[in-house]
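Chain by chain, the residues:
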Amino acid sequence: MSSNGSKDKPWLAITLASVLLVFTIFSRPSLAEWYGETQPHMGTEISVYLWHDDPELGPEAVAAVFTEVARLDRLMSTYIEDSRISEINRDAATRPVEAGDELFGLILRSLDIAVLTRGAFDITYDSVGQHYDFREGRRPDEDTMAEELPLIDYRLVETNRGDGTVSFLQPGVRINLGGIAKGYAVERGVVVLQSLGVRHARVTAGGDTRLLGDRRGQPWMVGIRDPRDEDTVAVTIPLEHEAISTSGDYERFFEEDGERYHHIIVPSTGAPAGEVHSSTIIGPDAVLTDALSTSVFVMGVDQGLRLIATLPDYEGIVIDADGKMFYSDGLRSPD
Ligand code: ADP
Ligand code: MG
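Residues numbered from 1 in each chain as written. Chains lettered and ligands numbered in written order. Predicted model: local features only at pLDDT ≥ 70, side-chain atom pairs only at ≥ 80, totals over all residues. Heavy atoms only, no water.

### Considering the sheet that holds strand β4 (residues 157-160)
So, step 1. Within the open sheet, the three strands sit side by side as β3-β5-β4. Their pairing is antiparallel. Pairing within the sheet leaves two strands with one partner each, and these edge strands are β3 (97-98) and β4.
So, step 2. Of the pairings in the sheet, the one linking β4 to strand β5 (residues 165-168) comprises four bridges and is antiparallel in character. Pairing of Val157 across the sheet is with Phe168, part of β5.
So, step 3. In the packing of helix α4 (residues 101-116) onto the sheet, contacts are made with β4 and β5, and the angle to β4 comes to roughly 130°. (Pairing = 2+ DSSP bridges. Helix = DSSP H or I, 4+ residues; strand = E, 2+ residues; numbered from the N terminus. Contact = heavy atoms within 4.5 Å. Axes fitted to C-alpha atoms, helices over the stretch in contact; angles between N-to-C directions.)

### A few points about the environment of Phe104
So, step 1. Assignment of secondary structure puts Phe104 in helix α4.
So, step 2. By relative accessible area, which is 8% here, Phe104 ends up buried.
So, step 3. In the structure, Phe104 is positioned 62 residues away from Val166 in sequence and 7.8 Å away in space, judged by C-alpha atoms.
So, step 4. When near neighbours in sequence (up to four residues on either side) are disregarded, Phe104 contacts Ala99, Thr159, Asn160, Arg161, Gly164, Thr165 and Val166. (Buried < 20%, exposed > 50% of the residue type's maximum accessible area, 1.4 Å probe, protein only.)

### A word on the coordination of the magnesium ion (ligand 2)
So, step 1. The protein atoms that coordinate the magnesium ion (ligand 2) are Asp290 (O), Asp290 (OD) and Thr294 (OG1), at distances of 2.1 to 2.4 Å. A residue pair is termed a helical-turn pair when its members lie 3 or 4 positions apart in one helix, as Asp290 and Thr294 do in helix α8 (residues 286-299) at four residues.
So, step 2. Taking relative accessible area as the criterion, Asp290 reaches 4% and is therefore assigned buried. (Donors = N, O, S within 2.8 Å, 3.2 Å for Na, K, Ca; no water.)

### Details of the nonpolar core
What tends to happen in soluble globular proteins is that the nonpolar side chains get buried as a cluster.
So, step 1. Grouped together as the largest cluster of nonpolar side chains are 73 residues, with contacts concentrated most on Leu50, Met76, Ile88, Leu103, Leu177 and Leu193.
So, step 2. Shared between two domains, this core holds at least three residues of each, these being domain 1 (46-71 + 182-327) and domain 2 (84-168).
So, step 3. Contact partners of Leu193, with chain neighbours within four places excluded, come to Val48, Leu50, Ala61, Val65, Val198, Ala201, Val203 and Leu212. (Core = buried A, V, L, I, M, F, W, Y, C linked by side-chain atoms within 4.5 Å. Domains from an automatic or database assignment.)

### Observations regarding unusual backbone geometry
So, step 1. The phi dihedral of Met42 is positive, around 50°, even though this residue is not glycine.
So, step 2. Its place among the elements puts Met42 in the loop between β1 (33-41) and β2 (44-52).
So, step 3. Judged by its relative accessible area of 14%, Met42 falls in the buried class.

### Quick look at the packing of aromatic side chains
So, step 1. Overall, the coordinates contain seven aromatic pairs when judged by the stated rule.
So, step 2. Ring geometry for Trp34 versus Trp220: centroids 5.8 Å apart, planes at 70°, classification edge-to-face. Highlighted residues: Trp34 in strand β1 and Trp220 in strand β8 (residues 220-226), separated in sequence by 186 residues.
So, step 3. For Trp220, a relative accessible area of 1% gives the class buried.
So, step 4. Ring-pair connections join several aromatic residues into one group, and the members of that group are Trp34, Tyr49, Trp51 and Trp220.
So, step 5. For Arg155, the ring lying beneath its charged end belongs to Tyr154, and the centroid distance is 5.2 Å.
So, step 6. Against the face of Tyr250 rests Arg225, its NZ or CZ located 3.9 Å from the ring centre. (Phe/Tyr/Trp six-rings, centres within 6.5 Å; stacked < 30°, edge-to-face > 60°. Lys NZ or Arg CZ within 6 Å of the ring centre and 35° of its normal.)

### Things to note about helix α2 (residues 57-76)
So, step 1. The end-to-end C-alpha distance of α2, which contains 20 residues, comes to 28 Å, matching closely the 28 Å that a straight helix rising 1.5 Å per residue would cover.
So, step 2. For α2, the set of buried residues is Leu57, Gly58, Ala61, Val62, Val65, Phe66, Glu68, Val69, Leu72, Asp73, Leu75 and Met76.
So, step 3. Lining the buried residues of α2 we find β1, β2, α3 (84-91), α4, α7 (181-195) and β6 (200-205). (Expected span 1.5 Å × (residues − 1).)

Structure representation (structure tokens):
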């Protein structure tokens, strides 16, 4: 006797298969739907938008991303007094502070990107950066600038891989992950979604977006706004499985005597970068697109796009102070 009874009774197998087919068609109508939500976190708006066919899992997956983002904010925000990064800023000049694997890893990546960008990206920018208040229209005076500028130097951050600690080589140094943490958050958001079985999603934190899969057979369309007109889209880019980050001088700024003071700081001068109005980087990893969009903003059109040309898989679009748009080689039509 065969262990598989259907071999002896083919009609049974056919009947079972038909029942199963009917069951599949009628008992599981396609419930696939879009689920999405926007919430304020990390000093910006976070939005999650995903496609799923389980009406319970869809909203749960959206909520799970916000839980993850809130966890990262508690770890990495310099505005939260008992965050680990605040502890580092308070104590790392007097004792090595344990960062924990995740924060330690992101600090190491930030320091690597500082080397890659020859210091254009520098998490110690905050030694001066802390004295800007864009809401209140406040900026560091000359004395403060003279005192703090020497403390912008990523080489003053010492990392010990053996015990995962961070030390500062001078008192007064401060680090701030504002130029990379949102990219990390959207990257983590996508990991959370994937672990729950989501295959199509868009996770955005301010100017940083990570796309999972496509938009149900179509590419996602991501717009880059005109830096001087928030209602006008300068260019729209179709993307799948990719990250895109834009840094602009319109996010956080105030004006004084006709001059715009905004939140992206040139580490060598302590002043806001003036050469471009926005820089956008596209590539596989949102951590890098985030840090590079800030870096290219600081470096300007020529130097910035030259750096992007050395990075396989990464492309850039820069809008300069005259509103002119520049593309990296990979985005230009072959002619
Ligand atoms: P947004 O925060 O609007 O998404 P960015 O990704 O360009 O924009 O990041 C800007 C943030 O990066 C600033 O608010 C600040 O926290 C941080 N930052 C500013 N200048 C630098 C710099 N030279 N290197 C690293 N981080 C910087
Ligand atoms: Mg950035």
